[in-house]
Amino acid sequence: MSLLKDIQIFIASNPGLTNKEIAASMPQYGLHAVQRGVCHLIKLNRATRQHNGKCHQYFAKAPGGDVSEGRSALKINRADAPAASEQEAAPNPAVTAMMEKAQGLFEKGLFQRAATVLMEAFNRSKDEELRMKILIERQRCLSMVPKVKTPTDAWCLAGQGRNI
């Protein structure tokens with residue numbers, strides 16, 4: 001059975017317990033998972049809670065239907081929804097601004113920063129063609145970054161550098 005169904009059955013057989021008492025009696029599940037499950041049952045209208053002094057006591061409602069029924073009360077007609085290509089007809093203005101900023105940084109010779117800005121633009125973009133262009137441009141920026149040369153004739157011991 002699922003976690004929610006287990007909790008619902010347990011609350012029905014043991015009404016009036018707190019969420020910590022419910023979690024303590026279900027060692028196979030974590031404390032936070034059980035607490036989230038109890039709150040989710042409240043949202044789904046499968047259980048009720050009453051405030052009693054310092055804590056809440058939980059009571060099951062009359063069973064009816066499956067626990068997963070409450071997930072989507074609104075049915076979506078997929079035929080009426082516009083296609084993804086229609087939704088993304090115009091590129092995101094934030095992404096184009098970031099690409100222009102990266103181009104300016106590239107022209108100034110700030111290749112690493114331009115690559116970072118392009119990666120942010122990649123994360124915000126949803127168009128596959130634009131994402132591929134961004135990746136290609138980012139690779140070009142990264143290839144232009146000067147490589148750091150480490151000295152081969154020096155060695156360090158305890159933070160001190162010495163020539164041999």
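The preceding data block contains the structure.
Worth saying up front: this structure is predicted, and the values here are computed from it rather than measured. (Residues numbered from 1 in each chain as written. Predicted model: local features only at pLDDT ≥ 70, side-chain atom pairs only at ≥ 80, totals over all residues. Heavy atoms only, no water.)

Description of the overall build of the protein
Now for step 1: Each helix and strand in the protein was counted, giving 7 helices and 4 strands.
Now for step 2: The N-to-C order of helical and strand elements in the protein reads α-α-α-β-β-α-α-α-α-β-β.
Now for step 3: Taking all 164 residues of the protein together, 24% fall into the buried category.
Now for step 4: Within the protein, residue pairs in contact and separated by at least 24 positions form 47% of the contacts whose partners lie at least 6 positions apart. (Helix = DSSP H or I, 4+ residues; strand = E, 2+ residues; numbered from the N terminus. Buried < 20%, exposed > 50% of the residue type's maximum accessible area, 1.4 Å probe, protein only. Contact = heavy atoms within 4.5 Å.)

Looking at helix 6 (residues 111-124)
Now for step 1: For helix 6, which comprises 14 residues, the first-to-last C-alpha distance of 20 Å matches the rise-based estimate of 20 Å (1.5 Å per residue) to within 8%.
Now for step 2: Along helix 6, the residues that are buried comprise Phe111, Ala114, Ala115, Val117, Leu118, Ala121 and Phe122. One side of helix 6 holds all its buried residues, which, seen down the axis, span an arc of 165°.
Now for step 3: Where helix 6 is buried, its residues contact helix 5 (93-108) and helix 7 (128-144). (Expected span 1.5 Å × (residues − 1). Arc of directions from axis to C-beta.)

Comments concerning the pattern of salt bridges
Now for step 1: This model, assessed by the stated rule, comprises 2 salt bridges.
Now for step 2: Two residues, Arg124 and Glu120, come together in a salt bridge whose shortest N-O distance is 3.4 Å. Taken together, the residues Arg124 and Glu120, both in helix 6 and 4 residues apart, mark about one turn of the helix.
Now for step 3: On the basis of relative accessibility, which here comes to 43%, the residue Arg124 falls in the partly exposed class. (Salt bridge = Lys/Arg side-chain N within 4 Å of Asp/Glu carboxyl O.)

Some thoughts on the packing of helix 1 (residues 3-13) against helix 3 (residues 31-43)
Now for step 1: The geometry of helix 1 relative to helix 3 is characterised by a closest axis approach of 9 Å and an angle of 75° between their N-to-C directions. In terms of axis orientation, helix 1 runs roughly perpendicular to helix 3. Together, Leu3, Leu4, Ile7, Gln8 and Ile11 of helix 1 and Ala33, Val34, Gly37, Val38, His40 and Leu41 of helix 3 make up the contact between the two elements.
Now for step 2: In terms of residue class, the contact of helix 1 with helix 3 is built from 8 nonpolar, 3 polar and no charged. (Axes fitted to C-alpha atoms, helices over the stretch in contact; angles between N-to-C directions. Parallel < 35°, antiparallel > 145°, perpendicular 65-115°, else oblique. Nonpolar A, V, L, I, M, F, W, Y, C, P; charged D, E, K, R; others polar.)

As for the side chain of Asp6
Now for step 1: Mapped onto the secondary structure, Asp6 falls in helix 1.
Now for step 2: Here Asp6 occupies a buried position and makes no salt bridge, while the nearest side chain of opposite charge, Lys5, is found at 9.1 Å.
Now for step 3: At 2.5 Å, the side chain of Asp6 and the side chain of Tyr29 are in polar contact. (Lys, Arg positive; Asp, Glu negative; His and termini not counted. Polar contact = N/O pair within 3.5 Å; in protein donor to acceptor, adjacent residues only side chain to side chain.)

So, the pairing of strand 1 (residues 47-52)
Now for step 1: Where strand 1 lies against strand 2 (residues 55-60), 6 bridges are found, and the strand directions are antiparallel. By the bridge assignment, His51 is partnered in strand 2 with His56.
Now for step 2: The turn linking strand 1 back onto strand 2 is made up of 2 residues, and Gly53 within it adopts a positive phi angle of 75°. (Pairing = 2+ DSSP bridges.)

Observations regarding the packing of helix 6 against helix 7
Now for step 1: Between helix 6 and helix 7, the shortest axis-to-axis distance is 8 Å and the interhelical angle comes to 165°. With respect to helix 7, the element helix 6 is oriented roughly antiparallel. Seen along the crossing, helix 6 lies across helix 7 with a hand that is left-handed. Contact residues: Phe111, Gln112, Ala114, Ala115, Leu118, Met119, Ala121 and Phe122 in helix 6; Arg131, Ile134, Leu135, Glu137, Arg138, Cys141, Leu142 and Met144 in helix 7.
Now for step 2: Residue classes in the contact of helix 6 with helix 7 are distributed as 12 nonpolar, 1 polar and 3 charged. (Left-handed = near helix turned anticlockwise from the far one by under 90°.)

Treat this as a map of the structure, not an account of what it does.
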